[in-house]
Amino acid sequence: MSSLKKYGWNSFHQEKFNLYHQQDHSIGRVISIKGFKYYLMTENGELETELSGKLLYGSENEDLPKVGDWVYFLDYDKSGYIIDILPRKNSMSRKTPGNKTEKQILAANVDYAFIVQGLDRDYNIMRLERYLTQVVACNITPIVILNKADLVENMRLYEEEVLKLQRNCEIFFCSTLTGLGIDRILNSLKEAKTYILIGSSGVGKSSLINSLTNNEMQKTNATSKANSKGKHTTTTRDLFLLPNGSLLIDTPGMREFGLTSEEGVNTNSLFPALEALSAQCRYSDCRHLNEEACAVKDAVNMGALPLEIYESYVKLLKEQRRFEIRIEDKKRLNKQFGKITREAKDYRKRNKY
Ligand SMILES: Nc1nc2c(ncn2[C@@H]2O[C@H](COP(=O)(O)OP(=O)(O)OP(=O)(O)O)[C@@H](O)[C@H]2O)c(=O)[nH]1
Ligand SMILES: [Zn+2]
């Protein structure tokens with residue numbers, strides 16, 4: 001297999017490339033970013049590159065290359081200049097931490113997301129539901145991993161609770177400590193597909209990577225480091241090939257895992273449990289908030305729909321509204337600003353200074 005195919009190159013990307021490329025452009029996938037340096041996997045192995053001026057100065061953060069992006073570049077001697085990214089299949093994003101409405105892209109072109117929780121104090125079904133919602137909204141297939149299974153007596157109870165979310169996604173139990181369940185996860189991994197690991201700090205992501213790589217990657221991909229406050233942080237965000245041929249992207253713990261609404265995503269369809277019920281609401285555009293004859297609210301009241309699911313739906317709705325309103329504001333402001341600068345330019349031209 002060519003090294004590009006090993007790294008996930010497929011007909012989707014080829015088609016995009018055919019639309020955009022010029023003869024002297026080469027192709028690579030971003031495997032890590034360190035400051036201004038972008039490290040690519042190319043047909044001829046790893047290559048250190050930088051952004052071209054156009055990309056560096058003319059782009060919104062969203063449009064800059066992220067780990068997992070396919071880019072086309074000019075190959076110069078021992079380095080390269082990235083011309084642009086190819087359209088993404090999807091991206092894992094979250095709201096930019098803090099008060100802004102921007103979304104932050106954590107990784108691009110992701111097939112599966114392992115959502116990892118530890119079966120210790122970390123386990124939280126509401127948070128799991130939020131992660132699931134976010135992953136599905138990003139158009140990525142979620143897989144639940146409940147680690148530290150050695151700490152609980154009855155895994156079945158947890159499984160039942162996750163099944164109640166009606167996500168129809170795979171659930172794995174494992175313990176990186178005892179090795180329980182690791183083989184099942186390994187056997188499920190698909191060649192040349194890209195996986196991402198998400199979960200709070202301390203759930204065992206680093207331990208899991210070590211287990212999945214037979215500890216081979218411990219040195220080169222050492223991800224956990226205690227900072228000055230003694231808090232564990234993941235410092236590198238890399239894409240790498242596992243011994244069995246699948247690709248893994250490791251991201252820092254997403255403690256502030258906010259939601260961004262993807263355009264065109266119907267909120268109901270993010271909640272399968274709600275979707276079936278909403279067909280029975282009186283109003284076809286029922287938001288299941290204050291409307292009369294709402295089958296969703298009835299189901300919650302009768303205990304047929306878990307309250308957690310309804311609550312996370314309402315939360316998402318609120319988040320989306322806030323996000324949409326701010327985007328509208330931003331667009332309006334940008335438009336006004338554009339008009340002002342255009343007028344200023346015209347004025348300067350007319351008056352020649
Ligand atoms: N009991 C038990 N402890 C585990 C298991 N897996 C990991 N741990 C422990 O959990 C702690 C955190 O593990 P890490 O692998 O560093 O967690 P992480 O998710 O990579 O954390 P960050 O790098 O901060 O994001 C360590 O003390 C591990 O020894 C497990 O299966 N069972
Ligand atoms: Zn309703």
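Cut-offs used in this document
Residues numbered from 1 in each chain as written. Chains lettered and ligands numbered in written order. Predicted model: local features only at pLDDT ≥ 70, side-chain atom pairs only at ≥ 80, totals over all residues. UniProt positions renumbered as here; feature names shortened; annotations may be inferred. Domains from an automatic or database assignment. Helix = DSSP H or I, 4+ residues; strand = E, 2+ residues; numbered from the N terminus. Nonpolar A, V, L, I, M, F, W, Y, C, P; charged D, E, K, R; others polar. Buried ≥ 20, exposed ≤ 12 C-beta atoms within 10 Å, placed from the backbone. Pairing = 2+ DSSP bridges. Axes fitted to C-alpha atoms, helices over the stretch in contact; angles between N-to-C directions. Contact = placed C-beta atoms within 7 Å.

An unreviewed UniProt entry lists the chain under the name Small ribosomal subunit biogenesis GTPase RsgA, with Chryseosolibacter indicus as the source organism. The Subcellular location (unreviewed entry) comment attached to the chain in UniProt states, word for word, "Cytoplasm". According to the UniProt record, the Subunit (unreviewed entry) comment for the chain is "Monomer. Associates with 30S ribosomal subunit, binds 16S rRNA."

The next subject is the domain arrangement of the chain. What the domain assignment lists for the chain is domain 1 (3-85), domain 2 (91-223 + 232-250) and domain 3 (267-334). Each of domain 1 and domain 2 has a C-alpha centre, and these two points are 26 Å apart. Elements with a contribution of two residues or more to the side of domain 1 that touches domain 2: helix H1 (3-6) and strand E1 (25-34). Looking at side-chain class alone, the side of domain 1 that touches domain 2 contains 4 nonpolar, 4 polar and 5 charged residues.

Before going further, it helps to spend a moment on the pairing of strand E11 (residues 194-198). With 5 of 5 residues buried, E11 is to be regarded as a mostly interior element. Of the two faces of E11, the one lined by Thr194, Ile196 and Ile198 and the one lined by Tyr195 and Leu197 are each fully buried. Note: strand E8 (residues 112-118) against E11, 4 bridges, orientation parallel. Following the sheet pairing, Tyr112 is matched in E11 by Tyr195. In terms of strand pairing, E11 meets strand E15 (residues 247-250) through 4 bridges, oriented parallel. Counterpart to Thr194 in the pairing with E15 is Leu247.

Mapping Leu270 onto the fold places it in helix H8 (residues 267-270). Overall, Leu270 belongs to the buried group, with 22 C-beta atoms counted inside 10 Å. Sequence-wise, Leu270 and Thr42 are 228 residues apart; in three dimensions their C-alpha atoms are separated by 36 Å.

Before going further, it helps to examine the sheet that holds strand E4 (residues 70-76). Pairing is mixed around the closed barrel formed by 5 strands, whose spatial order is E1-E2-E3-E5-E4. Neighbour-to-neighbour, the strand axes of this sheet turn through a mean angle of 55 degrees, independent of strand direction. Relative to E4, E1 runs antiparallel, the two sharing 5 bridges. Looking at the pairing, Gly28 lines up with Val71 of E4.

Here we take up helix H7 (residues 205-212). Across the 8 residues of H7, 6 count as buried, placing the element largely inside the fold. For H7, every residue scored as buried is listed here: Lys205, Ser206, Leu208, Ile209, Ser211 and Leu212.

Here the focus is the pairing of E15. Burial along E15 is two-sided: the face carrying Leu247 and Ile249 and the face carrying Leu248 and Asp250 are both buried. The sheet contact formed by strand E14 (residues 239-241) and E15 spans 3 bridges and is antiparallel. Within E15, the residue paired with Leu239 across the bridge is Ile249. As consecutive antiparallel partners, E14 and E15 are separated by 5 residues, and within that stretch Gly245 has a phi angle of approximately 100 degrees, a positive value.

Attention now moves to the sheet that holds strand E9 (residues 141-147). In space, the 6 strands of this open sheet follow the order E10-E9-E8-E11-E15-E14, with mixed pairing throughout. A strand with exactly one partner marks an edge of an open sheet, and here the two such strands are strand E10 (171-173) and E14. With direction set aside, neighbouring strand axes in the sheet form an average angle of 25 degrees. Sheet strands touched by helix H4 (residues 125-137): E8, E9 and E11. Its angle to E8, the strand with the most contacts, is close to 170 degrees.

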